[in-house]
Amino acid sequence: MSALTTIGWIGLGNMGTPMSQRLLSAGYPVFVYNRSPEKTTALRDLGATVATSPAALLAETDVVFLMVSDDQAVRELFTGSEGLLQARATGKLLINMSTVSPGVSREVAALCQAQGHTYLDAPVSGSVKQAESGQLVIMVGGEESGFTQAQPLFQHLGKLARHLGPTGNGNLAKLAMNTLLGFQAQGLAEALLFAQQHQLKTDDLMELINNSALSSVFIKLKGEAVQADNYAAAFALKLLAKDLRLAQAEGLATPLAETVVQTFQQAEPALGDEDVIAILKHLKRR
Ligand code: NAP
């Protein structure tokens, strides 16, 4: 794929904004669309062209990325009255990096195929920091030829992109990863609560964890958030609650998973817009 490939980017939230900025910085012409138009200003100021609808965006571009919340957003963006599938176009590559169900990927992949487009599910692991620095981990389902075509673009977004088989397999891998993320967030919260219950200082416990075999980038970042009393969403609790529901719908029913799914669903109404580590506040309130 040449540097002249024209990119379309749909979804300028916490993740989509830095990811699309990286492609723009790499020199690709980028068209953007966001449901709430005010979020396109930053990208426009950097040189992107703002499209008025998903269909208009597809008509102008070769490869379209989506980075939006959930299954409903994906359905609306593909099949809405000004949706992607309304464009009079064929032969495009559509790459859905949102964390959604394998089912919605299979559904829209079939609609894309009927119009001569290629669809990849390509969700990511990593949060805003990794999106900004191009260090995401990308897990891909769909045709191998589409993956090969997308590789030069993935290199600007992630440190690893792995093809995992047919449509939906990227989504399944992501649900497995986020199941573990749920365990770790709740596990860290429970360990800190237990320590606090016995008057141990959070700072001391975090120093111990971060210097032990239990250390990880995730634990370190979330520990820092707790220490700074900063629960602003890097990854919103409601998004993880959604992912755990998706995993459950795919058959996740093991003992830890059942507990974590339940805890995050209970926390979601009050703390959904805060970060995943706000699960600590929920557990404290119990
Ligand atoms: P976010 O900041 O909440 O942004 C969500 C985006 O989806 C916004 O552009 C929003 O448009 C759009 N959207 C929502 N519903 C829509 C609809 N019905 N039609 C059209 N657009 C719609 O979310 P995010 O944190 O960037 O996450 C995006 C995806 O990446 C999610 O699937 C999430 O699970 C996944 N993810 C997130 C992280 C993370 O750390 N944040 C990490 C890995 C994966 P508006 O601006 O109009 O609301």
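Scroll up a little and you will see the structure.
Since this is a predicted model, take the numbers as computed values, not measurements. (Residues numbered from 1 in each chain as written. Predicted model: local features only at pLDDT ≥ 70, side-chain atom pairs only at ≥ 80, totals over all residues. Heavy atoms only, no water.)

Asker: Just give me the short version of the packing of helix H4 (residues 71–79) against helix H5 (residues 102–114), but keep the residues and values in it.
Answerer: Between H4 and H5, whose axes approach to 10 Å, the crossing angle comes to 10°. Accordingly, the angle class assigned to the pair H4 and H5 is roughly parallel. On H5, the residues that touch Asp71, Val74, Arg75, Phe78 and Thr79 of H4 are Val104, Glu107, Val108, Leu111 and Cys112. The class makeup of the residues in the contact of H4 with H5 is 6 nonpolar, 1 polar and 3 charged. (Axes fitted to C-alpha atoms, helices over the stretch in contact; angles between N-to-C directions. Helix = DSSP H or I, 4+ residues; strand = E, 2+ residues; numbered from the N terminus. Parallel < 35°, antiparallel > 145°, perpendicular 65-115°, else oblique. Contact = heavy atoms within 4.5 Å. Nonpolar A, V, L, I, M, F, W, Y, C, P; charged D, E, K, R; others polar.)

Asker: I'd love a proper account of unusual backbone geometry, names of residues and values included.
Answerer: The backbone phi angle of Gln199 is positive, close to 60°, even though this residue is not glycine. Looking at the element boundaries, Gln199 is found in the loop between helix H8 (169–197) and helix H9 (202–210). With relative accessibility at 68%, the residue Gln199 sits in the exposed group. In this structure, Asp229 is a non-glycine residue whose phi angle is positive, near 55°. Within the secondary structure, Asp229 is located in the loop between helix H10 (217–227) and helix H11 (237–249). With relative accessibility at 59%, the residue Asp229 sits in the exposed group. (Buried < 20%, exposed > 50% of the residue type's maximum accessible area, 1.4 Å probe, protein only.)

Asker: Let's hear about the pattern of salt bridges: which residues, and what values?
Answerer: Enumeration over the complete set of coordinates arrives at 8 salt bridges. With a closest N to O distance of 2.9 Å, Arg245 and Glu268 form a salt bridge. Residue Arg245 is located in helix H11, and its partner Glu268 is located in helix H12 (residues 255–271); the two are separated by 23 residues in the primary sequence. Glu274 is the salt-bridge partner of Lys281, the closest N and O atoms lying 2.7 Å from each other. You can call Glu274 partly exposed: its relative accessible area is 23%. (Salt bridge = Lys/Arg side-chain N within 4 Å of Asp/Glu carboxyl O.)

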